[in-house]
Amino acid sequence: MDYQDLLDFLKNRRTIRRFKPDPVPGDLVDKVIEAARWSPSAANTQPWYFIVATQEEPEAFSKLLETLTERNQRWAKSVPVLLLAVARRVAEDGREYRWSSYDLGQSM
């Protein structure tokens, strides 16, 4: 992809809020999370957690859906997989992870 292709791609991208209800295979979800795990982070701290729920697990899906705003719940209630990404802000030894939000963004 050259520079112009990249610009065209970015200019024409869309935010999708309607999703196919088809289940997503668990091994594909695992691969997505594994890819996120390989993203760079400050001092390789990997200060992130991923919480995943699928429509195939109605109780877990409902609990995760409830964490969203009402407006987001409207479109998210029909997705086959919800993934919540969370950044750890403080290390076990009490040090602050100054770049944890940035690192989490890169992983996404």
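Since the model is a prediction, treat every value here as computed from it, not as a measurement.

## Some details on the overall build of the chain
Right, so step 1: Looking only at helices and strands, the chain has five helices and two strands in total.
Right, so step 2: Each helix and strand of the chain, ordered N terminal to C terminal, gives the series α-α-β-α-α-β-α.
Right, so step 3: Computed over C-alpha atoms, the radius of gyration of the chain comes to 17 Å, more than 25% over the 13 Å expected from 2.2 N^0.38 for 108 residues, which places it beyond the range of a compact globule.
Right, so step 4: Expressed along its principal axes, the backbone C-alpha trace of the chain runs to roughly 45 × 40 × 30 Å.

## Digging into the confidence of the model for the chain
Right, so step 1: Here the chain shows a mean pLDDT of 93. Residues at 70 or above account for 100%.
Right, so step 2: Ranking the helices and strands of the chain by mean pLDDT puts helix 3 (residues 58-65) first, with 98, and helix 1 (residues 3-12) last, with 90.

## What to know about the pattern of salt bridges
Opposite charge on two side chains permits them to pair, given that their charged atoms come into close proximity.
Right, so step 1: According to the stated counting rule, one finds three salt bridges in the structure shown.
Right, so step 2: In this structure, arginine 37 engages glutamate 34 in a salt bridge whose closest nitrogen and oxygen atoms are separated by 3.1 Å. Within this pair, arginine 37 and its partner glutamate 34 are both found in helix 2 (residues 26-37), separated by three residues, close to a single helical turn.
Right, so step 3: By relative accessible area, which is 34% here, arginine 37 ends up partly exposed.
Right, so step 4: A salt bridge links arginine 95 to aspartate 93, with the nearest nitrogen and oxygen atoms 2.9 Å apart.

## Considering helix 5 (residues 100-107)
Right, so step 1: Listed in full, the buried residues belonging to helix 5 are Ser100, Asp103, Leu104 and Ser107. The buried residues of helix 5 occupy an angular sector of 100° when the element is viewed end-on, so they sit on one face.

## Considering a positive patch on the surface
Right, so step 1: On the surface, Arg17, Arg71, Arg74 and Lys77 cluster together to form a positively charged patch.
Right, so step 2: Within the element layout of this structure, lysine 77 appears in the loop between helix 4 (70-76) and strand 2 (81-87).
Right, so step 3: Its relative accessible area of 53% is what places lysine 77 among the exposed residues.

## What about unusual backbone geometry?
Right, so step 1: At alanine 43, a residue that is not glycine, the phi angle is positive and equals roughly 55°.
Right, so step 2: Mapped onto the elements of the fold, alanine 43 is located in the loop between helix 2 and strand 1 (48-54).
Right, so step 3: Looking at alanine 43, the relative accessible area reads 76%, which means it is exposed.
Right, so step 4: Despite not being glycine, glutamine 46 shows a phi value in the positive range, around 45°.
Right, so step 5: Its location among the elements puts glutamine 46 in the loop between helix 2 and strand 1.

## As for the environment of alanine 42
Right, so step 1: Within the element layout of this structure, alanine 42 appears in the loop between helix 2 and strand 1.
Right, so step 2: A C-alpha to C-alpha distance of 22 Å links alanine 42 and lysine 31, two positions eleven residues apart in sequence.
Right, so step 3: Ignoring any residue separated from it by four or fewer positions in sequence, one finds alanine 42 in contact with Trp99 and Asp103.

Rules used throughout
Residues numbered from 1 in each chain as written. Predicted model: local features only at pLDDT ≥ 70, side-chain atom pairs only at ≥ 80, totals over all residues. Heavy atoms only, no water. Helix = DSSP H or I, 4+ residues; strand = E, 2+ residues; numbered from the N terminus. Rg over C-alpha atoms; globule rule 2.2 N^0.38 Å. pLDDT = per-residue confidence, 0-100. Salt bridge = Lys/Arg side-chain N within 4 Å of Asp/Glu carboxyl O. Buried < 20%, exposed > 50% of the residue type's maximum accessible area, 1.4 Å probe, protein only. Arc of directions from axis to C-beta. Patch = residues over 30% accessible without salt bridge, like charges linked within 9 Å, V, L, I, M, F, W, Y side chains within 5 Å. Areas by Shrake-Rupley, 256 points an atom, 1.4 Å probe, with all protein chains shown as cover. Lys, Arg positive; Asp, Glu negative; His and termini not counted. Charge placed at Lys NZ, Arg CZ, Asp CG, Glu CD. Contact = heavy atoms within 4.5 Å.

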